[in-house]
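Coordinate analysis (summary)
Take a look at the letters that make up each chain.
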Amino acid sequence: MEGNKKKYYHVSSEALEKNDIFQSREDFVTAMNDIALCVLKYDVLIMCFCLMSNHFHFVLRGSYQECYAFMWEFKRICAIRMRDRNGEVSGLKGVELHFDLLDTQEYLENAIAYALRNPLAARIIMMPYFYEWSSSTAYFRGSLMEYGIPVNTLSLRKRRELLRTRHPEVPDSYMLNHQGYISPSCYVAVEEVERIFRHPSRLMMALAKKLENEFEVQSGAADRIVMLDRELKTQVLELIEKEFGVSSLAQLSADDRLRLCLLMRKNFNAPVKQIARVLRLSQSLVASVL
C-alpha cells in the first residue's frame with residue numbers, strides 16, 4: 001500500500017496564538033525526553049526537529065501511518081504536560097498537524113535547514129548549533145564525543161522522576177547530557193542526515209541561507225504561521241521604525257495605523273484578531289482594511 005512506503009515528511013504544528021506549549025526550561029527539558037521515549041514506540045527515523053515556545057517542527061522518515069501515529073502521540077503528550085502544568089485541558093485541542101511530503105533532494109535539504117533555522121527566523125540571536133531545544137548539535141561532530149551519563153545506570157526511581165513516566169525503559173545507548181535531557185544524537189538519524197548533506201559545509205550553507213519565504217510558499221506553511229502577540233509586537237516596533245521613522249505605536253496617526261495593518265498582514269501573515277489586539281483597533285475596522 002502507498003501509505004506503508006517509507007518517505008520523508010516535514011511535520012509542523014499550528015502555532016498557538018495566545019499561549020505557549022513550552023513555557024519554561026523545565027517544559028523544554030521534559031519535551032526533549034518525551035521525544036526520546038516516544039520515538040521508541042514507532043517505526044520512524046527522526047531526521048531533525050526543533051521545539052519553539054508555541055509550535056514545533058519535525059522532519060521524519062517512515063510510512064505515513066507511522067509518522068502520523070508518532071506525531072499525534074507526541075502532541076497528546078504535550079497536551080498532558082500542559083494540563084499538568086496549569087490545568088489547561090484544551091490547550092492543544094483543535095491544533096492541527098501539517099504533513100508535507102518531501103519528494104525531492106532539494107526539498108528535503110531545505111526542510112531540514114528550515115526546521116533548524118526556526119530560532120533565527122524568530123529573531124533569537126543565536127546560531128542554530130547552540131539552540132538547545134533542537135537536534136542541531138548532533139550533526140558532523142567528527143571525533144568530538146558528546147559525554148553524558150548512561151540513563152540505565154540511574155536508579156529506577158531516578159529514571160521515573162527524570163523521564164516523568166512509570167515505565168522508563170530505554171536502550172543502553174541513551175545518554176543523559178549535562179543539560180539534563182537525553183542527547184538527541186542517541187535517537188536522531190545523524191548518519192543519514194550527514195549522508196544527505198555529504199559535507200558540513202553544505203549543511204552550514206543551508207543553515208545560513210534565508211529560505212523561509214521560499215520554503216513556506218512551497219509547503220503552504222506561509223498560510224499557517226502565527227506569532228505570539230509579544231513576538232509580533234517586537235517585530236512591529238522594528239517595522240514602524242523602518243517604515244514610519246517613529247519608535248512607538250503612540251506616535252502613529254490614524255491613517256498610519258491602518259497602513260500598518262496592511263504591512264502586518266503582508267510581512268507577518270497576522271490574522272485580523274491578532275492585528276486588532278496588538279494595535280488596539282476594533283476587529284471590524286481591521287477587517288475592513290484587509
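Residues numbered from 1 in each chain as written. Predicted model: local features only at pLDDT ≥ 70, side-chain atom pairs only at ≥ 80, totals over all residues. Heavy atoms only, no water.

**Things to note about helix α11 (residues 272–279)**
Given 3.6 residues per turn, any residue in an α-helix points the same way as the ones three and four places further on. Taken together, the buried positions of α11 are Gln274, Ile275, Ala276, Val278 and Leu279. Positioned one or two residues after α11, arginine 280 has a phi angle of 55°, which is positive. (Buried < 20%, exposed > 50% of the residue type's maximum accessible area, 1.4 Å probe, protein only. Helix = DSSP H or I, 4+ residues; strand = E, 2+ residues; numbered from the N terminus.)

**Thoughts on unusual backbone geometry**
Not every positive phi belongs to a glycine, and arginine 164 is a case in point at roughly 55°. The phi dihedral of arginine 198 falls on the positive side, at around 70°, and the residue is not glycine. With respect to the helices and strands, arginine 198 occurs in the loop between α6 (190–197) and α7 (200–208).

**Quick word on the packing of aromatic side chains**
Going through the model one piece at a time under the given rule, you end up with 16 aromatic pairs. Note on tyrosine 64 and tyrosine 68: the rings are 5.8 Å apart at their centroids and 40° apart in plane angle, and the pair reads as tilted. Remark: tyrosine 68 and tyrosine 64 occur in helix α2 (residues 64–86); sequence separation between them is 4 residues, near one turn of the helix. Its relative accessible area of 33% is what places tyrosine 64 among the partly exposed residues. Grouping aromatic residues by their ring pairs yields a cluster made of Tyr42, Phe49, Phe56, Phe58, Phe70, Phe74, Tyr174 and Tyr187. Here the guanidinium or amino end of arginine 61 rests over the ring plane of tyrosine 8, the centre of that ring lying 5.8 Å away. (Phe/Tyr/Trp six-rings, centres within 6.5 Å; stacked < 30°, edge-to-face > 60°. Lys NZ or Arg CZ within 6 Å of the ring centre and 35° of its normal.)

**A look at the pairing of strand β3 (residues 56–62)**
Of all the 7 residues making up β3, 6 are buried; the element is thus mostly covered by neighbouring parts of the structure. Note: strand β1 (residues 7–13) against β3, 6 bridges, orientation antiparallel. Of the residues in β3, the one forming a bridge with lysine 7 is glycine 62. Where strand β2 (residues 45–51) lies against β3, 6 bridges are found, and the strand directions are antiparallel. Looking at the pairing, cysteine 50 lines up with histidine 57 of β3. Counting the residues that bridge the hairpin from β2 to β3 gives 4 residues. (Pairing = 2+ DSSP bridges.)

**Details of the nonpolar core**
One finds Ile46, Leu51, Phe56, Phe58 and Tyr187 to be the most contacted residues of the largest nonpolar core, which totals 68 residues. With 8 residues, the top contributor of residues to this core is helix α1 (residues 25–38). Every residue in contact with isoleucine 46, bar those within four places of it in the chain, is listed here: Ile35, Val39, Phe58, Val59, Leu60, Phe70, Tyr187, Val188 and Ala189. (Core = buried A, V, L, I, M, F, W, Y, C linked by side-chain atoms within 4.5 Å. Contact = heavy atoms within 4.5 Å.)

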